[in-house]
Amino acid sequence: MKIISWNVNGLRACVRKGFSQWLTETDADVVGLQEVRARVDQLPDEIVHPEGWHTLFTPAVRPGYSGVGLYSRHPIEEITTSLGVEEFDVEGRVQIARIGGVRIANIYFPNGSGKNRDNSRIPFKLNFYQTLFDTLEPWRKSGEPVVVIGDFNTAHRPIDLARPKSNHKTSGFCPEEREELDRWLNHGWVDSFRLHHPDKEDMYTWWSNRPGVRERNVGWRIDYGLVSENTREACTNAWIETDTLGSDHCPLGLELTL
């Protein structure tokens with residue numbers, strides 16, 4: 001099973017930049033999108049119901065904000081879009097599906113920077129992380145294969161961003177955010193990309209829209225595919241599609257051989 005994650009930074013805009021062709025050409029079995037920023041009735045029918053795909057979209061209550069979407073070549077057997085906390089659920093950040101015997105969580109984690117880039121939303125972000133962790137624990141502990149894909153809005157280690165020294169006080173690389181990701185990796189989760197590319201440098205999934213930044217590869221790796229520890233051996237590949245355009249993020253993928 002090939003699983004791809006992509007923060008499209010507005011699906012309608014990404015469609016204008018080639019998303020439909022990318023979806024047609026991908027050999028993925030499951031595609032999880034973050035930051036869809038549209039209701040279903042605002043999207044073209046060929047995006048909502050593309051041939052060969054089962055789809056599900058979970059928008060935020062606030063128009064043009066957040067939202068996640070799921071494409072699967074296999075039936076979506078179960079789905080939950082709630083963490084049981086209203087302040088999280090209204091933002092349309094969660095899809096936890098069972099597809100082909102795998103529990104797949106497609107998640108758009110909050111940014112901690114706040115309206116004034118003052119890091120004021122970090123407590124909200126960390127609470128979201130912890131609530132999701134607790135929600136997934138029963139499935140992980142049961143031994144069921146579990147995968148968490150999405151925009152985590154956190155660069156884990158200095159190798160995961162181009163300029164770590166100047167970003168220790170920037171949300172996405174603050175110590176408390178990195179420590180929370182450490183907690184996940186110390187308690188039953190595996191970063192699929194680092195599993196296969198432990199020391200690979202200059203591999204990022206997000207770049208600022210400022211001119212020349214992506215061309216110079218001044219980026220951050222803030223999008224991940226985590227697999228439950230018991231699924232480590234089944235994760236046979238992981239990659240980042242840095243050449244795929246259409247968003248300020250690029251897709252990443254992993255493959256499971258179950």
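Check the entry above for the structure.
**Structural notes on the environment of Arg98**
Take Arg98: it is sitting in strand E6 (residues 94-99). Sequence separation between Arg98 and Pro211 is 113 residues, and the spatial gap between their C-alpha atoms is 41 Å. Dropping the residues within four chain positions of it, Arg98 is found in contact with Pro75, Ile76, Glu77, Glu78, Arg103 and Glu144. Side-chain polar atoms of Arg98 contact the side chain of Glu77, separated by 2.6 Å.

**What to know about the pairing of strand E8 (residues 146-151)**
The buried fraction of E8 amounts to six of the six residues, a majority that puts the element mostly inside the structure. Summarising the sheet, strand E7 (residues 102-108) and E8 pair through six bridges and their orientation is parallel. From the neighbouring strand, Ile104 faces E8, where its bridge partner is Val147. Once the chain exits E7 it traverses helix H5 (residues 122-142) before rejoining the sheet at E8, and the crossover so formed is right-handed. The pairing of E8 with strand E12 (residues 223-228) spans five bridges and is antiparallel. Note on E12: the bridge partner recorded for Val147 is Val227.

**Quick notes on the sheet that holds E7**
In spatial order, the strands read E5-E6-E7-E8-E12-E9; together these six strands make up an open sheet with mixed pairing. Only two strands of the sheet have a single partner each, and these edge strands are strand E5 (78-80) and strand E9 (189-191). Shown here is a sheet whose adjacent strand axes are inclined to one another by a mean of 20°, direction ignored. Sheet contacts for helix H6 (residues 175-186): E8, E9 and E12; angle to E9, the most-contacted strand, approximately 115°.

**Some words on a positive patch on the surface**
A surface patch of like charges, here positive, comprises Arg117, Arg163, Arg210 and Arg216. Along the chain, the position of Arg216 falls in the loop between strand E10 (206-207) and strand E11 (219-220).

**Thoughts on the side chain of Thr205**
Secondary-structure assignment places Thr205 in the loop between helix H7 (192-196) and E10. The class for Thr205 is buried, based on a relative accessible area of 0%. Of note is the side chain of Thr205, whose polar atom sits 2.5 Å from the side chain of Asp223.

**Describing the packing of aromatic side chains**
In total, this model carries 18 aromatic pairs according to the counting rule given. Plain terms: the ring middles of Phe19 and Tyr71 are 6.1 Å apart, the flat faces sit at 55° to each other, and that makes the pair tilted. Taken together, the residues Phe19 in helix H2 (residues 19-25) and Tyr71 in strand E4 (residues 68-72) connect sequence positions 52 residues apart. The two residues Phe19 and Tyr71 agree in class, both being buried. Ring centres of Phe109 and Phe152 lie 4.2 Å apart, and the angle between their planes is 25°; this geometry places the pair in the stacked category. In this pair, Phe109 is assigned in the loop between E7 and H5 and Phe152 in the loop between E8 and H6, connecting sequence segments 43 residues apart.

**Points about the environment of Glu255**
Relative to the helices and strands, Glu255 resides in strand E14 (residues 252-256). The spacing of Glu255 and Gly114 is 141 residues in sequence and 35 Å in space, taken between C-alpha atoms. The contact partners of Glu255, leaving out residues within four places of it in the chain, are Met1, Lys2, Ala234, Cys235, Thr236, Asn237 and Trp239.

**A few points about empty space enclosed by the protein**
As enumerated under the stated definition, the model contains two cavities of 30 Å³ or more in all. Volume-wise, the largest cavity comes out at about 50 Å³. Taken together, Ser192, Phe193, Thr205, Arg221, Asp223, Tyr224, Gly225, Ala238, Trp239, Ile240, Leu252 and Gly253 make up the lining of the largest cavity. Taken together, the elements giving at least two residues each to the lining of the largest cavity come down to H7, E12, strand E13 (235-240) and E14. Residue composition of the lining of the largest cavity, by class: six nonpolar, four polar and two charged.

**A look at the nonpolar core**
Here is a general trend for soluble globular proteins: nonpolar side chains tend to be buried in one another's company. Ranked by internal contacts, the top residues of the largest apolar core, which has 21 residues, are Val148 and Trp184. At the level of elements, E6, E7, H5, E8, H6 and E12 are the ones that each hand at least two residues to this core. For this core, the element with the highest residue contribution is H5, accounting for six residues. When neighbours within four sequence positions are excluded, Val148 is seen to be in contact with Ala105, Ile107, Phe109, Leu136, Trp184, Trp189, Tyr224, Gly225 and Leu226.

Definitions and limits used
Residues numbered from 1 in each chain as written. Predicted model: local features only at pLDDT ≥ 70, side-chain atom pairs only at ≥ 80, totals over all residues. Heavy atoms only, no water. Helix = DSSP H or I, 4+ residues; strand = E, 2+ residues; numbered from the N terminus. Contact = heavy atoms within 4.5 Å. Polar contact = N/O pair within 3.5 Å; in protein donor to acceptor, adjacent residues only side chain to side chain. Buried < 20%, exposed > 50% of the residue type's maximum accessible area, 1.4 Å probe, protein only. Pairing = 2+ DSSP bridges. Right-handed = clockwise from strand over helix to strand, strands pointing away. Axes fitted to C-alpha atoms, helices over the stretch in contact; angles between N-to-C directions. Patch = residues over 30% accessible without salt bridge, like charges linked within 9 Å, V, L, I, M, F, W, Y side chains within 5 Å. Areas by Shrake-Rupley, 256 points an atom, 1.4 Å probe, with all protein chains shown as cover. Salt bridge = Lys/Arg side-chain N within 4 Å of Asp/Glu carboxyl O. Lys, Arg positive; Asp, Glu negative; His and termini not counted. Charge placed at Lys NZ, Arg CZ, Asp CG, Glu CD. Phe/Tyr/Trp six-rings, centres within 6.5 Å; stacked < 30°, edge-to-face > 60°. 1 Å grid on protein atoms, 1.4 Å probe; cavity = no way out; pocket = protein on both sides within 12 Å on 5 of 7 lines; lining within 4 Å. Points joined across faces, edges and corners; volume = space filled by probe spheres on them. Nonpolar A, V, L, I, M, F, W, Y, C, P; charged D, E, K, R; others polar. Core = buried A, V, L, I, M, F, W, Y, C linked by side-chain atoms within 4.5 Å.

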